[in-house]
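Breakdown of the fold
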Amino acid sequence: MPPNSKRRGLRPIFVGLRSLFSSSNKHPQEKPVDFKKIAASQASDLQASVTGREPAEIMTGAATTCIDPRGPRPGLPCHDGGADPSTSEGAGEASMIGAASTGQSNAFERPRFHSDHTQAMSIFPNLQNGKFSRVTFNSSQNIYHSKDSRKAGWDLLVDNVASNALHDSNARFDAPKCDEDTRVEVTKELMDWIEDREGPKRLLCMTGAAGAGKSALQQTIAVKCSESKILGSAFFFSAGDPTRNGLTHIVPTIACQLGQHSPVLRNTIGKAIEEDPLIFKKTLGIQMDTLIVTPFKYVCSTGELDPNTFPHAILIDGLDECVGEVNQAELLSTIKHCLLDNDLPFRIFISSRPEWSIRVALSDDPEGYFYPLTYHIKLSDQYDATADIRRYLWRRLQDIGSRSLDRRAQPHLWPTSEDVENLVAAASGQFVYAATIVKYVSERHSSPVDRLRTVIEWTPHGAQHTRPFEALDILYRSILSVAKELYEAVDTNHGRDFLMLIRAHQINSEHRTGFGASISYFQESIGLEEGGHQALFSDLHSLVYFSQDPDHQEWEQLYFYHRSFSEFLDSESRAQYLFVSEARVYTYVVETCLQKITQRKYLLDSCSRGRMVVILTHYFDLQITHVDGSRLVDFTRNNGWGRIDKELQSSIPFNWPTLACFTFNAMQRLNDELHEPGLVDIVKTYFEKWNKAYPGWEPEVPRQASEDKDE
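Note that the coordinates shown come from a computational prediction; the quantities given were computed from them, not determined experimentally.

Attention now moves to the overall build of the protein chain. Tallying secondary structure elements over the protein chain gives 31 helices and 11 strands in all. Within the protein chain, contacts between residues separated by at least 24 positions form 72% of all contacts whose residues are at least 6 apart in sequence.

Structure below.
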């Protein structure tokens, strides 16, 4: 290598640059220069200066070779678009290189670097003593400092934030919140707890039924905390938003909001990310420890942050909207181990439907790790929202009427007290019903008076085409669909009809047959094991609850939080693909009872068999119940009627007219439809015996048949 190669290496390049930017330096009359060979020569020369090695070879071909500190990578174009010298753009580049080639050095000779080129030093700030330092090359031939090409830690954090989950996000521009004179008591209780920094319990969990107003309360509290400068962070889950229906973004979102309150904390969090750029791919506990716990404790220990004045409220709404029970449980466990166990000054407020994960965490048994640490508010049980719903309906409906062109909607005429009270009763203490009605009535393209009348007169079995409860029905369908999927995914529940069992419990709880059995009494008649109702309704605790009779602990009943949910189950137009008819339920219960009655004694004791007979005699309805023929034949052949007769002798509270109707119908079907005359005689024997013992019932002869007889 010539001894002065470094001193003359850049001269041809800069001569060429001056030629490019000066029109007077163009020499179109000069002989065209081989652009590709010269570019490859300069590229390999520059590689040698970076690596300190002589180039092994100069690559030429259809595309020039890009330079990489690790060595040449053929096939990547170094110039955008790979300019053709035959074009005007290519000719400009060729003239630049042609000018460079007019110097003493040969066009294919490696350029020499000269340390006295101050102009070169200004263009290449990383050139020191003829060598480049900290240079990165990419496929578009741009040169960056390596420290600039690496994204700052805080910017990486922002990229992983779920902005839709913020309390003031534009994605939640119409977020529900409480009217000023509603939910006053519960709002005060929540704010008092949050503002009490010295309170012994630093976690508050508010559970409540679906539509009880939890999110509206969270939004109201978030706004109040923000105005009071005590809001550290807020995260609103939403099952329908993929950016905020899981755990991927919750820790970065909380950390980002906390960091915005303190430049020192922000810088510390950013440095932690720079040291571990893969932190967002790690477990939730590691993320929370790295991005929140450790940075916060560090800046507090240095005296750069005062924990007593730092915004301390952390709000998390809709934990039940986080997809997957395992994810919900993981978040709760992480909050406990990272935030509560480290004695940080945060006051954490979580709201959720009372689903499995939070019920387990808050239970008073050994598994309930939150129980001694948590201030628990049961919204639907502790606060009656009836008065608030009444005020809400009056105000909103009158406001709608004042803006309507319908003269009937004037505030002094509409709504009537009777209308409002009907709506309050239908709401069953749940704000979601009232909010749904207000939204439906407020449709500006029709009269609010007529739309409210549609709501009040709407019946589950009506032929109306209107859907005043559509928003509410979407909520119910969502909850019920998820519960169905989770229940039927369990191996031991394989083959069970979830919707059928739910409807059966509904009909029993509302005593629609004139008889209502306790949960433990009834579940056996529909094929559930002891305690099976707990698994069945495990994911429906936001819609139903169970209550025991204080005087009879074994007597447990099912209740609905919402009357509208029961109406939803009754209506095929509302429940849609989740609908199960009453006829199917009655038939299912009767057939299950027939099967249970004929079971062997060691599988079903006498007491249980007696209960089956009682339920059978209340669920058979000639108009809607149609027992499968093969099941009826098996029941008769397996001495089913004889076992019923035995139970009748023990004075059970059975319904004889229903049993007589069922027995008479069985004889007719065995004779006319199933052609089993021998079995007919068996049934007839018991029917005649019972008819003598319990007189007063005569079979109804169909009108057409009686008319034919008279003729």
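Alright, that's what it looks like, and here's the rest.
A cis geometry characterises the amide bond from Trp 414 onward to Pro 415, with omega recorded as -5°. Inspection of the secondary structure puts Pro 415 in the loop between α15 (386-402) and α16 (417-427). A positive phi angle, near 65°, is found at Lys 229, a position not held by glycine. As for its placement among the helices and strands, Lys 229 is situated in the loop between α8 (214-227) and β6 (231-236). You will see that His 675, though not glycine, has its phi angle at about 55°, which is positive. Here His 675 shows up in the loop between α29 (656-673) and α30 (677-693). Residue His 675 is classed as exposed on the basis of its relative accessible area, which comes to 59%.

Turning next to the packing of helix α27 (residues 629-637) against α30. Each pair of packed helices can be described by the angle between their axes along with the distance between the axes. Two elements in contact, α27 and α30, have axes separated by 10 Å at closest approach and are oriented at 65°. In terms of crossing hand, the pair formed by α27 and α30 is left-handed. Contacts from Val 633, Thr 636 and Arg 637 of α27 reach α30 at Leu 679, Ile 682 and Val 683.

What follows is about the side chain of Ser 233. Turning to its location among the elements, Ser 233 is positioned in strand β6. Contacts of Ser 233, omitting those with residues within four sequence positions, involve Ile 254, Gln 257, Ala 313, Ile 314 and Leu 315.

To continue, consider the pattern of salt bridges. One pass over the full model with this rule turns up 32 salt bridges. The salt bridge involving Asp 473 is made with Arg 574; its shortest N-O contact spans 2.7 Å. Of the two residues, Asp 473 is situated in helix α19 (residues 470-488) and Arg 574 in helix α24 (residues 572-575); the sequence distance between them amounts to 101 residues. For the pair formed by Asp 473 and Arg 574, the shared burial category is buried. Residue Asp 645 pairs with Lys 689 through a salt bridge whose shortest N-O separation is 2.8 Å. On the criterion of sequence distance, the pair formed by Asp 645 in helix α28 (residues 640-648) and Lys 689 in helix α30 is long-range, its members being 44 residues apart. Of the residues examined, Asp 645 reaches a relative accessible area of 9% and is grouped as buried. Here the residues in one salt-bridge network are Arg 503, Glu 510, Arg 512, Asp 570 and Glu 582, joined through shared partners.

Aromatic ring pairs are described here by two measures, namely the spacing of the ring centres and the angle between the planes. Under the counting rule described, the total for this entry stands at 24 aromatic pairs. Seen in terms of ring centroids, Tyr 686 and Trp 690 are 5.8 Å apart; in terms of plane orientation they differ by 35°. Their pairing is tilted. Of this pair, Tyr 686 and Trp 690 both sit in helix α30, separated by 4 residues, roughly a single helical turn. Among the aromatic residues, those joined into a cluster by ring pairs are Phe 620, Phe 635, Trp 641, Phe 662, Tyr 686 and Trp 690. In this arrangement the basic side chain of Arg 347 is found over the ring face of Trp 193, its NZ or CZ atom lying 4.3 Å from the centre. Against the face of Tyr 521 rests Arg 611, its NZ or CZ located 5.1 Å from the ring centre.

Here we take up the sheet that holds strand β9 (residues 374-378). Strand order in the open sheet formed by 5 strands is β6-β7-β8-β5-β9, and the pairing between neighbours is parallel. Among the strands making up the open sheet, the edge pair consists of β6 and β9. Pairwise comparison of adjacent strand axes, ignoring direction, gives a mean angle of 15° for this sheet. The sheet contact formed by strand β5 (residues 203-207) and β9 spans 5 bridges and is parallel. Opposite Cys 205, over in β9, you have His 376 as the bridge partner. Sitting on the sheet, α8 touches β5, β6, β7 (313-317) and β8 (347-352), and the angle it makes with β7 is about 160°. Contacts from helix α12 (residues 325-340) reach β5, β7 and β8, with the element oriented near 170° to β8.

So, about the pairing of β8. Of all 6 residues that make up β8, 6 are buried, and the element is covered over most of its length. Here β8 shows no split at all, with Arg 347, Phe 349 and Ser 351 on one side and Ile 348, Ile 350 and Ser 352 on the other all buried. Note: β5 against β8, 5 bridges, orientation parallel. Its bridge partner lying in β8, Cys 205 is registered against Ile 350. Read as a crossover between parallel neighbours, the route from β7 over α12 to β8 is right-handed.

Attention now goes to helix α18 (residues 448-457). Where α18 is concerned, the buried positions are Pro 448, Val 449, Arg 451, Leu 452 and Val 455. Taken end-on, α18 shows its buried residues confined to a sector of 165°, consistent with a single buried face. Where α18 is buried, its residues meet α15, α16 and α17 (431-441). The distance from a side-chain oxygen at the start of α18 to the backbone nitrogen of Val 449 is 3.2 Å, and the residue carrying that oxygen is Ser 447.

Structurally, the position occupied by Val 186 is in helix α7 (residues 184-195). We classify Val 186 as buried; its relative accessible area is 1%. Remark: the alpha-carbon pair of Val 186 and Tyr 383, spanning 197 residues in sequence, is separated by 7.5 Å. Ignoring sequence-local partners within four residues, the contact set of Val 186 consists of Leu 217, Leu 379 and Tyr 383.

Now for the packing of α28 against α29. Axis separation between α28 and α29 bottoms out at 13 Å; the angle between their running directions is 165°. If you check the angle between α28 and α29, you find them roughly antiparallel. Seen along the crossing, α28 lies across α29 with a hand that is left-handed. Between α28 and α29, the residues in contact are Trp 641, Ile 644 and Leu 648 and Leu 659, Phe 662, Thr 663 and Ala 666, respectively. Class assignment for the residues of the contact of α28 with α29 results in 6 nonpolar, 1 polar and no charged.

Criteria and thresholds
Residues numbered from 1 in each chain as written. Predicted model: local features only at pLDDT ≥ 70, side-chain atom pairs only at ≥ 80, totals over all residues. Heavy atoms only, no water. Helix = DSSP H or I, 4+ residues; strand = E, 2+ residues; numbered from the N terminus. Contact = heavy atoms within 4.5 Å. Buried < 20%, exposed > 50% of the residue type's maximum accessible area, 1.4 Å probe, protein only. Axes fitted to C-alpha atoms, helices over the stretch in contact; angles between N-to-C directions. Left-handed = near helix turned anticlockwise from the far one by under 90°. Salt bridge = Lys/Arg side-chain N within 4 Å of Asp/Glu carboxyl O. Phe/Tyr/Trp six-rings, centres within 6.5 Å; stacked < 30°, edge-to-face > 60°. Lys NZ or Arg CZ within 6 Å of the ring centre and 35° of its normal. Pairing = 2+ DSSP bridges. Right-handed = clockwise from strand over helix to strand, strands pointing away. Arc of directions from axis to C-beta. Polar contact = N/O pair within 3.5 Å; in protein donor to acceptor, adjacent residues only side chain to side chain. Parallel < 35°, antiparallel > 145°, perpendicular 65-115°, else oblique. Nonpolar A, V, L, I, M, F, W, Y, C, P; charged D, E, K, R; others polar.

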